[in-house]
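What follows is each chain in one-letter form.
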Amino acid sequence: MTGVAVHLKGLRRSFGPTHALDNLDLAIEPGEFIALLGPSGCGKTTALRVLAGLEDADSGEVLVGGKDVSSLPANRRDMGMVFQAYSLFPHLTALANVSFGLSLRGRTKSLTRAREMLELVGIGQFADRYPHQLSGGQQQRVALARALAIEPSVLLLDEPLSALDAKVRVQLRDEIKRIQTEVGTTTLFVTHDQEEALAVADRVGVMRAGKLEQLAAPADIYLTPATPFVAEFVGLSNRLPGTVVGNEVEVLGTRLPMLSPASSPSVTALIRPESVQVTADPEGSGRVLTTSFLGAISKVTVSVGDELVVAQVATDRLASLAPGTPVRVTLQPNPVALA
Amino acid sequence: MAGVIARRARKQRIFRWTVLIVLGVFFVLPFVAMVEFSTRDSQTWPLLVDWPALSERYPALAEGITNSLLQAALTALLMLVLLVPTAVWVRLRLPRLRRLVEFICLLPLTIPAIVLVVGLAPVYAWVTYFLGGSSLTLVFAYTVLVLPYAYRAIDAGLSAIDVKTLAEAARSLGAGWGTVMWRVVLPNIRSAVLSAAFLTVALVLGEFTIASLLNRTNLQVAINFLGKSSATMSVAVSLTSLLLAFVLLLLLSLLGGRRRTSKESS
């Protein structure tokens, strides 16, 4: 099955004085997996709900497969949706939940298809359990199976992982990606978790105040953020003062290329922790303040003059970087965004 | 030390039993009196279970019983048809109106029945004009009367589930509003709907003031009327209707208990 193209055109939606959607344009290719990422209140969920037909836009068009579906009610839009809150029908078993949409469409063999879908999401053995007998992760798997069972033209995922604990979240995230690649349904995934968005999506759209700030492949979003907001929102960044010298900016004594031209000679540069190198050096200008162990990598906070710099280091180097150690701080010559 | 604890436990036990016995006597004594009084005439109870004979001998009572049962059933039906979709719609689309709707539904509780009748009398002049003077027209007044109890029960049921998400999930799967109500919302608030219906039936079967003042016949009006001619029969019927109400309330608390246990297991 191949997906259909989705085009949100000039969507506007206001709640009182707040513009949840401010002339939003978003074109999704057939079969593409798009993640909308942004802080709470940026309009990402509203965009998804408008596409689902659960919310009306004040103006604008929703095109699915080239057809304007703006005036169609939610139940006739042919979209599968997985919600943030557990949304399984409590009075039905997992199997009955999955076959619900199929039975509404009068499909024959709806139970066989429902079983197949439960197998696809890896919980075929729990078909006869009721939602309250399933864990959060299992419930969301059933919800995913239920949404996919009707072979929707578009799959909508509204923060489906945010209620789950960390380990299950990563597992299910990877499963979602696998299943989406397998069935090829055009998918819109809304999340506020950047790691999730970058890990699963073909392209990530970063939203702010009802608008798309940038829509690009995960690596581009991370490495060449289009705006300071994207640079700051995606990944942790140090904010360090810099001086513009020609086409470059000088930060902590290192000259770095700029992603966008500077508007004034003194700027604030946004430097990723992994671009900061910290080496123990008795002559160094920095001093380690704190270290935090994060598994394979660790975080070191260093004071250099008046500035605090966060660096990412391999954990096996942590022993040589105890708090109080004098260190030399250097920056990798990656292009930087300016705030 | 152990002796002090044992003495205290014994004292508490005695106190508990005393309270239970006093309360038991307070509640049971009137029933015993009713049973004793209604069995003085050996004809009374056999007649009560022999419907043809009863309706021949006490036609007004039979009419009262029929009216009350029909009123109870119709009121429960009308209440559910009005209240369930309204409560669901308010939760889905007009959450800001929830307090207002709750206030309106609770109003009948604060207005004495006699005041309600004064207000209803002119309305019922029109009802009689359009629909005739049948006792079944009391269903409208009773629906208002049971609103506070029924609303509370249904609202509690809806609070226990995430109506909005469930409805949206069903809509996205292709369900129209009718299907959402019938196949998703109702099965999940079944015990709340039953509670509301039981409370309605219990209330309507015990209603006297409005029926009497609006000159309609129902069970209580008939019992009151019968009390003047056949005291034993009126007491027997009162006792039966009381027991019926008890059974309904018992079923209701059983339903509540089952709902709690099913929640705990989740």
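Source: prediction; values computed, not measured. Here the residue index of a chain counts from 1 through its sequence in written order. Each chain is given a letter, starting from A, and each ligand a number, starting from 1, according to the order in which they appear as written. In keeping with the predicted nature of the model, local features appear solely for residues at pLDDT of at least 70, side-chain atom pairs appear and are counted solely at 80 or more, and the whole-chain, interface and lining totals rest on all residues.

Ranked by size, the top nonpolar core spans 150 residues in total, and within it Leu 51, Leu 156 and Leu 188 of chain A together with Ala 150 and Ile 154 of chain B carry the most contacts. Each helix is a run of H or I in the DSSP string that is no shorter than four residues. Each strand is a run of E no shorter than two, and both are numbered from the N terminus. It is helix α7 (residues 138-159) of chain B that provides the largest number of residues to this core, a total of 12 residues. Residue contacts for Ala 150 of chain B: discarding those within four places in its chain leaves Met 79, Leu 83, Ala 196, Leu 199 and Thr 200 of chain B. What we call a nonpolar core is a set of buried Ala, Val, Leu, Ile, Met, Phe, Trp, Tyr and Cys residues whose membership is set by joining through C-beta atoms within 7 Å. Counting other C-beta atoms within 10 Å of a residue's own tells you its class, since 20 or more makes it buried, 12 or fewer makes it exposed, and anything in between is partly exposed; those C-beta atoms are placed from the backbone. Contact criterion: two residues are in contact if their C-beta atoms, reconstructed from the backbone, are within 7 Å.

Residue and element names in this part refer to chain B. If you check helix α9 (residues 177-188), its first and last C-alpha atoms are 16 Å apart, about what 12 residues at 1.5 Å a residue would give, namely 16 Å. Within α9 the residues assigned to the buried category are Val 180, Val 184, Val 185 and Asn 188. Take α9 and look down its axis: the buried residues cluster within an arc of 85°, on one side only. In α9, the exposed positions angled more than 90 degrees off the buried face are occupied by Gly 178 and Trp 182. If you follow the buried residues of α9, they end up packed against α4 (59-93) and α8 (163-172). To estimate the expected span of a helix, subtract one from its residue number and multiply by 1.5 Å. Directions drawn from the helix axis to the C-beta atoms are what define this arc.

With that settled, consider the environment of Val 247 of chain B. All names here are of chain B. Note that Val 247 resides in helix α13 (residues 231-265). Using a count of 12 C-beta atoms within 10 Å as the deciding quantity, one classes Val 247 as exposed. Taking the C-alpha atoms as reference points, Val 247 and Phe 198, separated by 49 residues in sequence, lie 9.8 Å from one another.

In this document the domain limits rely on a domain assignment from an automatic tool or a database. The assigned domain composition of chain A is domain 1 (6-230) and domain 2 (236-338). Each of domain 1 of chain A and domain 2 of chain A has a C-alpha centre, and these two points are 38 Å apart.

The subject of this paragraph is the interface of chain B and chain A. The interface of chain B with chain A comprises 18 residues on the first partner and 20 residues on the second. For the side of chain B that touches chain A, the secondary structure elements donating two or more residues are α8 and α9 of chain B. Considering each element in turn, the side of chain B that touches chain A owes the most residues, six residues, to α8 of chain B. Think of it as three bins: nonpolar holds Ala, Val, Leu, Ile, Met, Phe, Trp, Tyr, Cys and Pro, charged holds Asp, Glu, Lys and Arg, and polar takes everything else, Gly as well. For the side of chain B that touches chain A, a count of residues per class yields seven nonpolar, eight polar and three charged.

All names here are of chain B. For chain B, the assigned domains read domain 1 (2-38) and domain 2 (45-265). Each of domain 1 and domain 2 has a C-alpha centre, and the two are 35 Å apart. With four residues of domain 1 at the contact, the number on the domain 2 side is five residues. Per-class residue counts for the side of domain 1 that touches domain 2 are three nonpolar, one polar and no charged.

This part covers the UniProt feature "domain: ABC transporter" (unreviewed entry) in chain A. UniProt positions are given in the numbering used here, feature names are shortened, and annotations may be inferred rather than shown by experiment. If you check UniProt for "domain: ABC transporter" (unreviewed entry), the listed places come out as residues 6-234 of chain A in our numbering. Across residues 6-234 of chain A, the secondary structure splits into 36% helix and 27% strand, with the terminal C-alpha atoms separated by 25 Å.

All names here are of chain A. With phi around 50°, Leu 252 is a residue other than glycine that occupies positive phi space. Relative to the helices and strands, Leu 252 resides in the loop between β12 (248-251) and β13 (254-257). You can call Leu 252 buried: it has 21 C-beta atoms within 10 Å.

All names here are of chain A. Two strands form a pair only when DSSP identifies at least two bridges running between them. Reading across from one edge, β15-β19-β16-β17-β18 is the order of the five strands in this open sheet, with antiparallel pairing throughout. At either end of the open sheet lies a strand with only one pairing partner, and these are β15 (276-280) and β18 (307-314). Put simply, the sheet's adjacent strands are angled 40° from each other on average, direction ignored. Sheet analysis places strand β16 (residues 286-293) next to strand β17 (residues 297-304), joined by seven bridges and oriented antiparallel. In the sheet register, Gly 286 faces β17, and the bridge partner there is Val 304. Geometry is summarised by axes, namely lines fitted to C-alpha atoms with helices restricted to the contacting stretch, and by angles between N-to-C directions that run from 0 to 180 degrees.

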